[in-house]
Amino acid sequence: SAVISQKPSRDICQRGTSLTIQCQVDSQVTMMFWYRQQPGQSLTLIATANQGSEATYESGFVIDKFPISRPNLTFSTLTVSNLSPEDSSIYLCSVGWDKNTGELFFGEGSRLTVL
Amino acid sequence: GQQVMQIPQYQHVQEGEDFTTYCNSSTTLSNIQWYKQRPGGHPVFLIQLVKSGEVKKQKRLTFQFGEAKKNSSLHITATQTTDVGTYFCAGRENDYKLSFGAGTTVTVRA
């Protein structure tokens with residue numbers, strides 16, 4: 001299993017500013033992902049954080065808006081830039097996966113509110 | 001791209017009753033997973049199904065993977081208040097990415 005520490009757990013930001021979310025894992029992991037969960041909605045994959053290279057973004061998500069860093073196999077950051085109220089969501093870091101069960105592990109999430 | 005549809009969106013259940021949530025993919029899946037998210041919590045893994053026609057049980061929960069590997073279901077018997085939450089299916093096609101269904105939010109009346 002993997003224990004994931006995600007910070008901040010919640011924040012309230014003004015529009016036009018940026019928020020950086022940190023994800024720390026207690027062991028080295030190959031695959032690390034960032035998801036967005038809008039209020040009452042499902043999970044949407046933003047990008048795969050690749051160690052030592054640029055993140056791989058899903059359709060509809062771009063690096064300028066969601067820059068991602070992954071300096072090593074235990075840590076990643078997601079920045080949400082130029083915030084607007086539409087960015088109000090829960091952002092979840094996840095890592096995978098258990099070799100036996102296929103389980104994807106999730107952090108507790110970072111709840112962002114943009115005013 | 002791959003789409004995973006899940007119904008119903010909401011399920012309001014009398015305690016002690018059974019219910020089922022269904023998941024359908026537009027493409028054939030290599031495997032499908034189920035997660036539970038309690039209110040205010042993060043998704044927690046329940047199970048992964050890999051084989052065509054596979055059925056797995058966890059106490060009162062029964063998971064099925066269709067013969068064509070394009071659909072799945074979760075059936076809960078004798079619902080309890082601890083079953084409250086949102087249940088997501090998540091399908092994996094050929095690559096490493098999971099596509100999550102919309103989720104079924106379950107509420108229980110005592």
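The structure under discussion appears in the preceding block.
The structure reproduced in this document is the subject of the present report. (Residues numbered from 1 in each chain as written. Chains lettered and ligands numbered in written order. Predicted model: local features only at pLDDT ≥ 70, side-chain atom pairs only at ≥ 80, totals over all residues. Heavy atoms only, no water.)

**A look at the sheet that holds strand 7 (residues 68-72) of chain A**
All names here are of chain A. As a reminder of what qualifies: Should DSSP find at least two bridges between two strands, the strands are regarded as paired. Strands are runs of DSSP state E lasting at least two residues, helices are runs of H or I lasting at least four, and both sets are numbered from the N terminus onward. Axes, fitted as lines to C-alpha atoms, cover a helix only where it is in contact. Angles between the N-to-C directions of the axes lie from 0 to 180 degrees.
Overall, antiparallel pairing links the 4 strands, which are arranged 1-3-8-7 in an open sheet. Strands with a single pairing partner mark the edges of an open sheet, and in this sheet they are strand 1 (4-7) and strand 7. Strand-to-strand, the axes of this sheet are offset by a mean angle of 15 degrees, without reference to chain direction. Strand direction decides the pairing type here: strand 1 and strand 3 (residues 19-25), joined by 4 bridges, are antiparallel. Across the sheet, Gln6 pairs through a bridge with Cys23, a residue of strand 3.

**Thoughts on the packing of aromatic side chains**
Keep this limit in mind: Pairing of aromatic rings covers Phe, Tyr and the six-membered ring of Trp, with a centre-to-centre limit of 6.5 Å; geometry is then stacked below 30 degrees between planes, edge-to-face above 60, and tilted otherwise. Burial classification: accessible surface area is computed with a 1.4 Å probe over protein chains only, and a residue below 20% of its type maximum counts as buried, one above 50% as exposed, and the rest as partly exposed.
Under the criterion given, the structure shown has 10 aromatic pairs over all chains. Between Phe19(B) and Tyr87(B), the aromatic rings sit 6.5 Å apart at their centres with planes inclined by 65 degrees, giving edge-to-face as the arrangement. Residue Phe19(B) is found in strand 3 (residues 19-25), and its partner Tyr87(B) is found in strand 9 (residues 85-92); the two are separated by 68 residues along the sequence. Overall, the relative accessible area of 3% leaves Phe19(B) in the buried class. Residue classification places Tyr87(B) among the buried positions, given a relative accessible area of 1%. Ring centres 5.6 Å apart and planes at 75 degrees place the aromatic pair Tyr35(B) and Phe45(B) in the edge-to-face group. One end of the pair, Tyr35(B), is in strand 4 (residues 31-37); the other, Phe45(B), is in strand 5 (residues 44-49), and 10 residues separate them in sequence. Like Tyr35(B), the residue Phe45(B) is buried in the burial classification. Taken together, the aromatic side chains of Tyr35(A), Phe106(A), Tyr35(B), Phe45(B), Phe88(B) and Phe100(B) make up a single cluster linked through ring pairs.

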